[in-house]
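What follows is each chain in one-letter form.
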Amino acid sequence: MSTTTHAGLALTHRLRRLRRSESMRALVRETHLSPDGLVLPLFVCEGDGVRREVPSMPGVFNLSVDEAVKDVAAAAADGVKSVILFGLPDQKDDVGSSAHDPEAPVQSAIRAIKREVKNTLVITDVCLCEYTDHGHCGILIDGEIANDATVDQLVRTALSHAAAGADIVAPSDMMDGRVGAIRQALDARGYEHVALLSYAAKYCSAFYGPFRDAAGSTPKFGDRRSHQMDPANAREALREVEQDIAEGADLVMVKPAVTYLDVIRQVKDRFGYPTAAYHVSGEYAMLKAAARNGWIDETRAMMETLTSIRRAGADIIITYYAREAARLLK
Ligand code: PBG
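Notes on the structure in this doc start here. Here the structure is a predicted model, which means the values were calculated and not measured.

Here we look at helix α5 (residues 178–188)
Step number 1: For α5, every residue scored as buried is listed here: R178, V179, G180, I182, R183, A185 and L186.
Step number 2: Where α5 is buried, its residues touch α4 (147–164), β8 (168–171), β9 (195–202) and α7 (235–246).
Step number 3: After α5 finishes, the residue G190 shows a positive phi value of roughly 85 degrees.

Observations concerning empty space enclosed by the protein
Step number 1: Summed over all chains, the structure comprises 2 cavities of 30 Å³ or more.
Step number 2: A volume near 150 Å³ is recorded for the largest cavity.
Step number 3: Around the largest cavity sit 19 residues that line it, and K202, Y208, F211, R212 and K255 are the ones nearest its centre.
Step number 4: Among the residues making up the lining of the largest cavity, the classes are represented as 9 nonpolar, 4 polar and 6 charged.
Step number 5: Approximately 70 Å³ is the volume attributed to the second largest cavity.

Observations regarding the environment of G59
Step number 1: Along the polypeptide, G59 turns up in strand β3 (residues 57–64).
Step number 2: Separated by 262 residues in sequence, G59 and Y321 place their C-alpha atoms 9.1 Å apart.
Step number 3: When sequence neighbours within four positions are dropped, the list of residues in contact with G59 reads E53 and Y284.

Examining the pairing of β8
Step number 1: Burial along β8 is two-sided: the residues I168 and A170 and V169 and P171 are all buried.
Step number 2: Here β8 pairs with β9 via 2 bridges, running parallel. Across the sheet, V169 pairs through a bridge with L196, a residue of β9.
Step number 3: After leaving β8, the chain enters α5 and then returns to the sheet as β9, a path that is right-handed.

Focus: the layout of surface pockets
Step number 1: The calculated volume of the largest pocket comes to roughly 300 Å³.
Step number 2: Along its surface, the largest pocket is lined by R29, E30, T31, R300, M303, E304, T307 and R311.
Step number 3: Grouping the constituent residues of the lining of the largest pocket by class yields 1 nonpolar, 2 polar and 5 charged.
Step number 4: A volume near 220 Å³ is recorded for the second largest pocket.
Step number 5: In terms of lining residues, the second largest pocket is bounded by 13 residues, among which L40, G59, D71, Y320 and R323 are the most central.
Step number 6: Of all the secondary-structure elements, those providing two or more residues to the lining of the second largest pocket are β1 (38–45), β3 and α11 (322–329).
Step number 7: Ranked by residues supplied to the lining of the second largest pocket, first place goes to β3 with 4 residues.
Step number 8: Class assignment for the residues of the lining of the second largest pocket results in 7 nonpolar, 1 polar and 5 charged.

Some thoughts on the packing of aromatic side chains
Step number 1: For the structure shown, the criterion picks out 9 aromatic pairs.
Step number 2: Here Y199 and Y278 contribute two aromatic rings whose centre-to-centre distance is 6.3 Å and whose plane-to-plane angle is 40 degrees, an arrangement assigned as tilted. Here Y278 lies in strand β11 (residues 275–279) and Y199 lies in strand β9, a separation of 79 residues in the sequence. Neither residue differs from the other here; Y199 and Y278 are each classed as buried.
Step number 3: An aromatic cluster is present here, built from F43, F86, Y199, F211, Y278, Y284, Y320 and Y321 joined pairwise through their rings.
Step number 4: The side chain of K202 reaches across the aromatic face of Y208, ending 5.6 Å from its centre.
Step number 5: The residue whose ring lies beneath K255 is Y278, and the NZ or CZ to ring-centre distance is 5.1 Å.

A few points about the packing of α4 against α5
Step number 1: Two numbers describe how α4 lies on α5: the axes approach to 9 Å, and their chain directions differ by 45 degrees. Considering their axes alone, α4 and α5 lie oblique with respect to each other. The two elements α4 and α5 meet at a crossing, and its hand is right-handed. When α4 is examined against α5, the residues V151, L154, V155, A158, L159 and A162 are found in contact with a partner set consisting of R178, A181, I182, A185 and L186.
Step number 2: Classifying every residue of the contact of α4 with α5 by side-chain character gives 10 nonpolar, no polar and 1 charged.

What counts and how
Residues numbered from 1 in each chain as written. Predicted model: local features only at pLDDT ≥ 70, side-chain atom pairs only at ≥ 80, totals over all residues. Heavy atoms only, no water. Buried < 20%, exposed > 50% of the residue type's maximum accessible area, 1.4 Å probe, protein only. Helix = DSSP H or I, 4+ residues; strand = E, 2+ residues; numbered from the N terminus. Contact = heavy atoms within 4.5 Å. 1 Å grid on protein atoms, 1.4 Å probe; cavity = no way out; pocket = protein on both sides within 12 Å on 5 of 7 lines; lining within 4 Å. Points joined across faces, edges and corners; volume = space filled by probe spheres on them. Nonpolar A, V, L, I, M, F, W, Y, C, P; charged D, E, K, R; others polar. Pairing = 2+ DSSP bridges. Right-handed = clockwise from strand over helix to strand, strands pointing away. Phe/Tyr/Trp six-rings, centres within 6.5 Å; stacked < 30°, edge-to-face > 60°. Lys NZ or Arg CZ within 6 Å of the ring centre and 35° of its normal. Axes fitted to C-alpha atoms, helices over the stretch in contact; angles between N-to-C directions. Parallel < 35°, antiparallel > 145°, perpendicular 65-115°, else oblique. Left-handed = near helix turned anticlockwise from the far one by under 90°.

Here it is, written out as structure tokens:
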């Protein structure tokens, strides 16, 4: 009797051997996501009992302080230990005064979260675009964003967050010198324990569209190209990160995530600092939209996306999917 074999194929290495079962794949898996590194963004507005879904971001809400506290507690139960807060004030003016109002939504939410949900880390976004009536990230002089006047307002804002109890302040404005100015001011007022997460390499991206819906921060005219980075530049990102570290950043961020995975990798390899990546609103909205049309498997696409960001070198991922991912990882 003769048997038919394919013995002619003498392969020394068969990479498929290590893919045969889930136990085998788990044994050799290189990248692991953990809920510890996930940060949930929350949009805090004025009022009481407010929970308003953002049309372009299914599953994301504008929340009044009382409702935000509930979501922080629910996120903690899911395993998400950090949140980043954005504010939606009722009052806006040309210099973004409500950004540093101690009674504004973000400052009130920090105090309420610190009082009611123990151990959750509170990060705050420091920028003026949600607070100015023109929607720009800074103070306008002759139609241009005035760097140093804006930095003064950012410093006041970061101090008000620290005074309310923020653990980490995260300037996202991309003004020059803001990290050093905020660090010095924090230290001078006795907030030397408050950490600073710099949105160091923040690109001028089309993927922030849904966020501006959520935060009501679309500029009334013009765009953000005079301060956010050109998507074509990676070496410049390294200079931004280097400068922010020199000015005192404890953690650095690349934003958006998926279209800048190469930048995340370079920042991590070059500096070795705790590196965050922001999986932004447009990246979230695209997955949601495709999933709602039945075109992709949302859970798999979500985990594949977050894994790719982690694999590129991000230690920390800010994502609207934080709770869903944490529940899966538990
Ligand atoms: C600015 C800020 C923005 C985002 C985070 N911080 C918007 C912008 O720069 O226009 C975008 C986040 C997202 O798209 O999810 N305060």
